[in-house]
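# Breakdown of the fold
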There are 2 protein chains.
Amino acid sequence: MTIFTEQHPGVEQKVPPETSGFTFNHTMLRIKEPQRSLAFYSRVFGMRVLRKLDFPEMQFTLYFLARVDVDETVPEDVGERTMWTFSRRGVLELTHNWGTEDQADFAYHDGNAEPQGFGHICFSVPDLATAIHWLESNEVTFVKRPEEGKMKNVAFVKDPDGYWIEIVEAALMSQMGR
Amino acid sequence: MTIFTEQHPGVEQKVPPETSGFTFNHTMLRIKEPQRSLAFYSRVFGMRVLRKLDFPEMQFTLYFLARVDVDETVPEDVGERTMWTFSRRGVLELTHNWGTEDQADFAYHDGNAEPQGFGHICFSVPDLATAIHWLESNEVTFVKRPEEGKMKNVAFVKDPDGYWIEIVEAALMSQMGR
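Residues numbered from 1 in each chain as written. Chains lettered and ligands numbered in written order. Predicted model: local features only at pLDDT ≥ 70, side-chain atom pairs only at ≥ 80, totals over all residues. Heavy atoms only, no water.

What follows covers the overall build of chain A. A count of helical and extended segments in chain A gives 3 helices and 8 strands. Starting at the N terminus and ending at the C terminus, chain A contains elements arranged as β-α-β-β-α-β-β-α-β-β-β. Principal-axis analysis of the C-alpha atoms gives chain A an extent of 50 × 45 × 40 Å. Sequence separation of 24 or more characterises 59% of the internal contacts of chain A that already satisfy a separation of 6 or more. Of the roughly 7600 Å² of accessible surface on chain A, a fraction of 49% belongs to carbon and sulfur atoms. Looking at chain A, you have 18 positive and 27 negative side-chain charges, and the mean spots of the two groups are 4 Å apart. (Helix = DSSP H or I, 4+ residues; strand = E, 2+ residues; numbered from the N terminus. Contact = heavy atoms within 4.5 Å. Areas by Shrake-Rupley, 256 points an atom, 1.4 Å probe, with all protein chains shown as cover. Lys, Arg positive; Asp, Glu negative; His and termini not counted. Charge placed at Lys NZ, Arg CZ, Asp CG, Glu CD.)

Listed below in structure tokens is the structure:
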């Protein structure tokens with residue numbers, strides 16, 4: 001079986017059969033204040049908490065969040081829901097190391113200031129203008145509005161820890177780049 | 001409509017209708033050497049390059065990669081494929097700032113050394129032991145093997161830039177945490 005792919009130097013032509021069933025499941029970001037982050041991601045981006053896992057021995061808690069489509073059913077049984085959580089794409093893991101919320105000067109590194117590495121997560125939205133209005137009505141902090149800078153039709157906002165979130169509309173992206 | 005969710009302090013009870021259609025599309029990581037990273041993600045994790053976007057004016061290139069299931073058809077038409085790329089979950093964006101590959105001492109920050117922030121991306125696999133064998137046969141660098149440390153049944157490996165990639169098997173995760 002061949003699956004269409006763009007060919008660039010380095011790209012393996014075929015999908016190795018040994019990778020069958022591999023799923024890009026989640027991205028993990030450390031957060032300072034769970035209540036603040038859960039309110040943000042559930043209210044502003046409509047994400048659900050699929051699972052919360054506590055590790056008292058190591059003093060941290062993990063929250064697994066995802067957007068759930070109307071045609072998807074989240075299992076209520078904890079074991080089934082855990083299985084479901086780790087079988088799907090598009091999960092956001094938030095790690096809370098206990099006690100950081102009580103340290104006034106504690107802050108995580110966003111990856112865009114030096115030293116650079118991780119850049120952002122991204123949500124695509126059905127209509128960019130409507131989404132921007134929604135973000136503004138929720139008093140979200142903007143890094144860049146769609147009309148600013150060289151990359152039009154792309155916005156960046158900040159989550160409560162300062163991580164960047166890109167906002168794009170799929171239909172507008174065909175005009176990007178070369 | 002209500003969608004099941006775990007309730008924790010901060011979590012909004014209902015999914016705001018204004019977020020309908022929002023999709024957690026991608027995570028962006030900066031990379032030093034595209035050929036090296038594309039070889040790694042296409043060969044070891046079986047990802048495909050959906051789109052490559054060049055921005056000569058700003059001297060960078062973006063690569064959008066994803067796992068493609070056997071029942072999915074990637075559009076060959078560039079416009080349709082771009083639309084498809086930005087409409088789905090589980091995309092990995094790799095950003096190459098031109099010229100970094102020629103700087104001997106240049107390296108990106110993995111987010112796990114100080115200053116901390118981003119932690120890792122994660123692939124779930126059908127069978128952990130088989131996947132570990134595959135990773136070893138590809139001479140991937142391990143941060144932690146499944147049997148090491150306090151979190152059993154979870155592995156971490158490094159990508160070519162040193163970013164951590166977690167490897168989990170969904171069926172084994174119900175034993176994790178409390």
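There's plenty left to go through after this.
On to the sheet that holds strand S3 (residues 60-66) of chain B, then. As summarised here, the arrangement of the 8 strands in space is S6(A)-S7(A)-S8(A)-S5(A)-S1(B)-S4(B)-S3(B)-S2(B), forming an open sheet in which the pairing is mixed. In this open sheet, the two strands that pair with only one neighbour each are strand S6 (142-144) of chain A together with strand S2 (48-55) of chain B. Strand-to-strand twist across the sheet, computed as the mean angle between neighbouring axes with direction ignored, equals 25°. Bridge analysis of strand S7 (residues 154-158) of chain A against strand S8 (residues 164-168) of chain A gives 5 bridges, and the strand direction is antiparallel. (Pairing = 2+ DSSP bridges. Axes fitted to C-alpha atoms, helices over the stretch in contact; angles between N-to-C directions.)

The interface is formed by 99 residues belonging to chain B together with 99 residues belonging to chain A. Taking both partners together, chain B and chain A bury about 8700 Å²; carbon and sulfur atoms supply 62% of that area. Contact with chain A buries surface across chain B, with Phe22, Phe24 and Arg89 of chain B losing the most and accounting together for 10% of the total. The interface formed by chain B and chain A includes 11 salt bridges. (Buried area = accessible area lost by both parts, 1.4 Å probe. Salt bridge = Lys/Arg side-chain N within 4 Å of Asp/Glu carboxyl O.)

Turning our eyes to something else, we now look at the relation of the copies chain B and chain A. Here chain B sits on chain A after a turn of 180° about the axis and a move of 0.0 Å along it, with an RMSD of 0.0 Å. A rotation of that kind, with that shift, is consistent with a two-fold axis. Taking C-alpha positions as reference, the residue of chain B nearest the rotation axis is Gly90 of chain B, located at 2.5 Å. Comparing interface residues between copies, 100% of those in chain B also sit at the interface in chain A, which points to an isologous, same-surface contact. (Least-squares fit on C-alpha atoms with pLDDT ≥ 70 in both.)

Turning our attention to the UniProt feature "active site" (unreviewed entry) in chain A. The positions UniProt marks with the feature "active site" (unreviewed entry) are Glu166 of chain A. Along the chain, Glu166 of chain A turns up in strand S8. Accessibility expressed as a relative area gives 6% for Glu166 of chain A, which makes it buried. For Glu166 of chain A, the contacting residues outside a window of four places in its chain are His120, Ile121, Cys122, Phe123, Val154, Ala155 and Phe156 of chain A together with His26 and Glu93 of chain B. In this structure the side chain of Glu166 of chain A is engaged in a polar contact, spanning 2.9 Å, whose partner is the side chain of His120 of chain A. (UniProt positions renumbered as here; feature names shortened; annotations may be inferred. Buried < 20%, exposed > 50% of the residue type's maximum accessible area, 1.4 Å probe, protein only. Polar contact = N/O pair within 3.5 Å; in protein donor to acceptor, adjacent residues only side chain to side chain.)

What follows covers the pattern of salt bridges. Where charged atoms from two side chains of opposite charge approach closely, those side chains can pair. Residue and element names in this part refer to chain B. Applying the stated criterion to the full structure yields 19 salt bridges over all chains. The partner of Arg36 in a salt bridge is Asp161, and the shortest N-O contact between them spans 3.5 Å. With a gap of 125 residues between them, Arg36 in helix H1 (residues 34-43) and Asp161 in the loop between strand S7 (154-158) and strand S8 (164-168) connect regions that are remote in the sequence. By relative accessible area, which is 31% here, Arg36 ends up partly exposed.

Right, let's talk about the nonpolar core for a bit. Core analysis: the largest hydrophobic core is formed by 66 residues, its most contacted members being Tyr41, Phe45 and Leu135 of chain A together with Tyr41, Phe45 and Leu135 of chain B. Setting aside residues no more than four positions away along its own chain, Phe45 of chain A makes contact with Phe40, Arg67, Phe123, Leu135, Val157, Ile165 and Ile167 of chain A together with Thr19 and Phe22 of chain B. (Core = buried A, V, L, I, M, F, W, Y, C linked by side-chain atoms within 4.5 Å.)

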